[in-house]
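Notes for the structure review
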Amino acid sequence: MPQGRAELRISTRRGEAPSHSSRYRPSAKDPPPYGAQHRQDALWEGGNEALPPMWHQFKTSSDGATLYQDNTLMIVSRSRPLPGVRLDDPGYLAVPGWEWHISPLGRSYFVNHDTWTTSWKKPKPERPAGSLMPECVIEGHSNYIWSLAYLGNSGNIMSTSHDSSIRQWKRDGEPVGKPLNSDGRGIGSMVVSPDETMVVCGGGDGRLRLWNIKEGSMIGNPWEGHNDAVRCLDWSRNSLEIVSGSQDGTIRRWNPNTGRQITPPIETSHGWIMAVKYSPKGDKFMSGGNGPICVWSRDGKLLIEIKGHDYDVSSLCWSRDGAHIFSASLDRTIRKWRAIDGHELVVLRGHTRGVKSFCLTPDERYIVSGSEDYTIRIWDLKTNQAVGDPLLHDDQLLALALSRDGKYIVSAGLDKKIYVWNLEAALKNGVVAAANPPTNSNTTRLPPIHARRIPPTFFDDFDIHSSTSPDVHHHSSHRIVVPSIESARALFARIPSLFHHSRSSAGDGLRQTRGQGIFFRRGPRAVQVAAVRDKQTLFVAPRPEQKQQQSSQLHSQGSSSQSQPTGTPTPVPNSSTQAPTAAAVTMKSRVLTVLARLVLLICCAPLPSTNGR
């Protein structure tokens, strides 16, 4: 994405939208109207030299670029927030046709170019009819939710939020006990002890806090060591160690009984450390952030680096036997690696924004992933394909967890809600969708077409003749290129060699309906052929002539155009015949033109333009 952006003015971008730029007066009640997105002076405290209220800036861990965040909506911009400056990169918002701006009073608002309206609310995609709904939506947190855990013994759900609380819920949404509150700093990460009696959380102040779940009280004092927010935590399976990763770029290991560090901190090259995870045996752990995935020994020695992701790694997981590593990244992919040497085995693609969290089902058959694109996707590791349609949120997802029996998914994010989904229902819904794909009675399904590049000899032996067209007024150098009848037939015969269809299964009964394609349009149409180089030339057939004169006239015109010097008049045809012109081209010319363009398009060749378009 670009690092900066010039001012964007959008007064009347589509149609006849009203312009309010001359009479707009800032209001705290209503967003600026459509058409008022022009450069203005900021009216918040400090003006253009200060950030709006509830904003802050920070540098990325990957390239050191400065980013600006609206802490109310939790959205980030690469452009400094000023009235009249577009703040989103194209494709950043979940719904096309919208833009993000800031009012002169310092509040973010959104512009809808399809309806010519504006709104304070961030746009969210519409839920398609028939899409799976969550079994329960739990509300109670007052700020976005960072982390989730599913307690296997009780079946309860635990959540941490930027509202500085840890809460416990039954699956039907009923609160369990009182919230566990920190001292006012947001809680980002959380991990539950293997025996599910304690939970440790990491805060924005860099401290770790250990809580007794049953009693609802903090154990001892906060653990100090990190110099920045704690982003990730994990508890070893033998319950003897806790590992933490922070925005300060260090990994620290703690004794949960004393709250003291076991070894000196590990300095990494990750920048912000986004994920840490112990191996099943507990003899090593891995970390992810900017750059490669790192696998470490218990004494902090780097064992292996796994490279492949294009952007920050956000979540990590081991297979049960420790033979494979799974990772999710802000590059929108989920990947499977061989743990012993870091060899990449599988890449799952489908999310349209960064993947923030994922879980492996207990039987290791499926991966469930949550993304900034507002969706949860389920992946079948036997086919390495997504199952069914995505499950939809109202905002970006940050956290995901699975029940111990693998029956339920819980998810949460920026909309402050926890969603409870039935995994079995989602899988069943996916099977039904796959068995009943949408059909259209007016279309015919064909097997996949695989295109080949044009071989060097494809255009060999073509008899090509060209002449300047007197009917093309815009460019005197325009030509009509006319192949002989034999050449046209050869072109038709060679085109099928560029394609092959995948074999269809028995009983598909796939058929093409004759005469319903784009090649069967009524009547001739005028065609203008732009001046092109020989390698980009299209073949245009002449107008149909009387059968007894057609072949001889084409060849005579071709030889005439090659032998006559410039300026020599072309013989005038008699009344019963007419030379081909750019203003009257036959249906055959249309067919050949479309076919030639199709060949060039599929084989990645540049297409000549018509009328500059």
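Above this text is the structure in question.
Before going into details, it helps to say that this report is about the structure given with it. (Residues numbered from 1 in each chain as written. Predicted model: local features only at pLDDT ≥ 70, side-chain atom pairs only at ≥ 80, totals over all residues. Heavy atoms only, no water.)

Here's the deal with the overall build of the chain
Within the chain, the regular secondary structure consists of 4 helices and 40 strands. Residue burial in the chain is summarised as follows: out of 613 residues, 46% are buried. Within the chain, counting contacts between residues at least 6 apart in sequence, those at least 24 apart form 49% of the total. For the chain, the accessible surface area stands at approximately 32,000 Å², while carbon and sulfur atoms represent 49% of it. (Helix = DSSP H or I, 4+ residues; strand = E, 2+ residues; numbered from the N terminus. Buried < 20%, exposed > 50% of the residue type's maximum accessible area, 1.4 Å probe, protein only. Contact = heavy atoms within 4.5 Å. Areas by Shrake-Rupley, 256 points an atom, 1.4 Å probe, with all protein chains shown as cover.)

Brief notes about empty space enclosed by the protein
Taken as a whole and judged by the stated rule, the model has 4 cavities of 30 Å³ or more. Its boundaries defined by the atoms lining it, the largest cavity holds a volume of some 50 Å³. Contributing to the lining of the largest cavity are 12 residues, with V387, G388, D389, L391 and A426 lying nearest its centre. Looking at the lining of the largest cavity, the elements that each hand over two or more residues are strand 31 (375-380) and helix 1 (423-435). Its residues assigned to classes, the lining of the largest cavity comprises 7 nonpolar, 3 polar and 2 charged. (1 Å grid on protein atoms, 1.4 Å probe; cavity = no way out; pocket = protein on both sides within 12 Å on 5 of 7 lines; lining within 4 Å. Points joined across faces, edges and corners; volume = space filled by probe spheres on them. Nonpolar A, V, L, I, M, F, W, Y, C, P; charged D, E, K, R; others polar.)

Quick word on the sheet that holds strand 5 (residues 108-112)
Taking strand neighbours across the sheet as the criterion, the 3 strands line up as 4-5-6 in an open arrangement whose pairing is antiparallel. In this open sheet, the two edge strands, each paired with only one partner strand, are strand 4 (98-102) and strand 6 (117-119). Strand-to-strand twist of the sheet, defined as the mean angle between neighbouring strand axes without regard to direction, takes the value 30°. As judged from the 5 bridges shared by strand 4 and strand 5, these two strands associate in the antiparallel manner. By the bridge assignment for strand 5, H101 is matched with Y109. (Pairing = 2+ DSSP bridges. Axes fitted to C-alpha atoms, helices over the stretch in contact; angles between N-to-C directions.)

Describing the packing of aromatic side chains
Applying the stated criterion across every chain, the model contains 8 aromatic pairs. Summarising the aromatic geometry, the rings of F58 and W272 are spaced 5.8 Å apart at their centres and angled 25° between planes, so their arrangement reads as stacked. Here F58 is found in strand 1 (residues 55-59), whereas its partner W272 is found in the loop between strand 20 (266-267) and strand 21 (273-278), with 214 residues between them in sequence. Overall, the relative accessible area of 19% leaves F58 in the buried class. Taken together, the aromatic side chains of W55, Y92 and W100 make up a single cluster linked through ring pairs. Positioned over the ring face of W120 is R107, at 4.0 Å from the centre of the ring. The side chain of R171 reaches across the aromatic face of Y408, ending 3.9 Å from its centre. (Phe/Tyr/Trp six-rings, centres within 6.5 Å; stacked < 30°, edge-to-face > 60°. Lys NZ or Arg CZ within 6 Å of the ring centre and 35° of its normal.)

Let's talk about the pairing of strand 4
A large share of strand 4 lies buried, amounting to 5 of its 5 residues. Between the end of strand 4 and the start of strand 5, which pair antiparallel, lie 5 residues, with G106 showing a positive phi angle near 100°.

Some details on unusual backbone geometry
Of note, E196 is a non-glycine position whose phi angle comes to about 60°, a positive value. Relative to the helices and strands, E196 resides in the loop between strand 12 (187-192) and strand 13 (198-203). Residue E196 is classed as buried on the basis of its relative accessible area, which comes to 14%. Phi angles above zero are rare outside glycine, and Y374 is one such case at about 75°. Its location among the elements puts Y374 in the loop between strand 30 (366-371) and strand 31.

A closer look at the pattern of salt bridges
For the structure shown, the criterion picks out 16 salt bridges. Note that D394 is salt-bridged to K124, the shortest N-O span being 3.8 Å. Placement of D394 in the loop between strand 33 (391-392) and strand 34 (397-402) and of K124 in the loop between strand 6 and strand 7 (136-139) is noted, with a sequence separation of 270 residues between them. You can call D394 partly exposed: its relative accessible area is 23%. In this structure, the salt-bridge partner of R253 is E241, at a minimum N-O distance of 2.8 Å. Linking R253 in strand 18 (residues 250-255) with E241 in the loop between strand 16 (230-235) and strand 17 (242-246), this pair joins segments that are 12 residues apart in sequence. Each member of the pair, R253 as well as E241, carries the same accessibility label: buried. The network of salt bridges with shared partners includes R86, D88 and E99. (Salt bridge = Lys/Arg side-chain N within 4 Å of Asp/Glu carboxyl O.)

A look at the environment of G97
Within the secondary structure, G97 is located in the loop between strand 3 (75-77) and strand 4. Under the relative-accessibility criterion, G97 is labelled partly exposed at 22%. Counting along the chain gives 17 residues from G97 to D114, while the straight-line C-alpha distance between them is 6.2 Å. Those residues in contact with G97, other than ones at most four positions away along the chain, are V111, N112, H113 and D114.

Things to note about the state of the cysteines
Applying the stated criterion across every chain yields a total of 0 disulfides. Of all cysteine sulfurs, the one in C359 lies closest to C317, which takes part in no disulfide; the gap is 7.6 Å. (Disulfide = S-S within 2.5 Å.)

Considering the pairing of strand 29 (residues 355-360)
Among the 6 residues that make up strand 29, 6 are buried, leaving the element largely enclosed by the rest of the structure. Where strand 29 meets strand 30, 5 bridges bridge the pair, whose relative direction is antiparallel. What sits directly across from V355, in strand 30, is S371. Linking strand 29 back to strand 30 in an antiparallel pair, the connection comprises 5 residues, with E364 at a positive phi of about 60°.

Looking at the sheet that holds strand 14 (residues 208-212)
Ordered in space as 12-13-14-15, the 4 strands form an open sheet in which the pairing is antiparallel. Of all the strands in the sheet, the pair left with one neighbour each is strand 12 and strand 15 (217-218). Strand direction decides the pairing type here: strand 12 and strand 13, joined by 5 bridges, are antiparallel. Directly across from V192, in strand 13, lies its bridge partner V199.

Quick notes on the side chain of D163
In this fold, D163 is placed in the loop between strand 9 (157-161) and strand 10 (165-169). We note that D163 is buried and unpaired, the nearest opposite charge coming from R167 at a distance of 4.4 Å. At 3.0 Å, the side chain of D163 forms a polar contact with the side chain of H141. The residues touching D163, leaving out its near neighbours within four places in the chain, are H141, S142 and N143. (Lys, Arg positive; Asp, Glu negative; His and termini not counted. Polar contact = N/O pair within 3.5 Å; in protein donor to acceptor, adjacent residues only side chain to side chain.)

Describing the nonpolar core
Judged by nonpolar contacts, the single largest core of 16 residues is most densely connected at V368, I376, I378 and I409. Where this core is concerned, the elements lending two or more residues are strand 30, strand 31, strand 34, strand 36 (417-422) and helix 1. Ignoring sequence-local partners within four residues, the contact set of V368 consists of S357, F358, C359, I376, R377, I378, L400, L402, I409 and L423. Counting 15 residues, the second-largest nonpolar core is a separate cluster that includes W55, Y68, W100 and I102. (Core = buried A, V, L, I, M, F, W, Y, C linked by side-chain atoms within 4.5 Å.)

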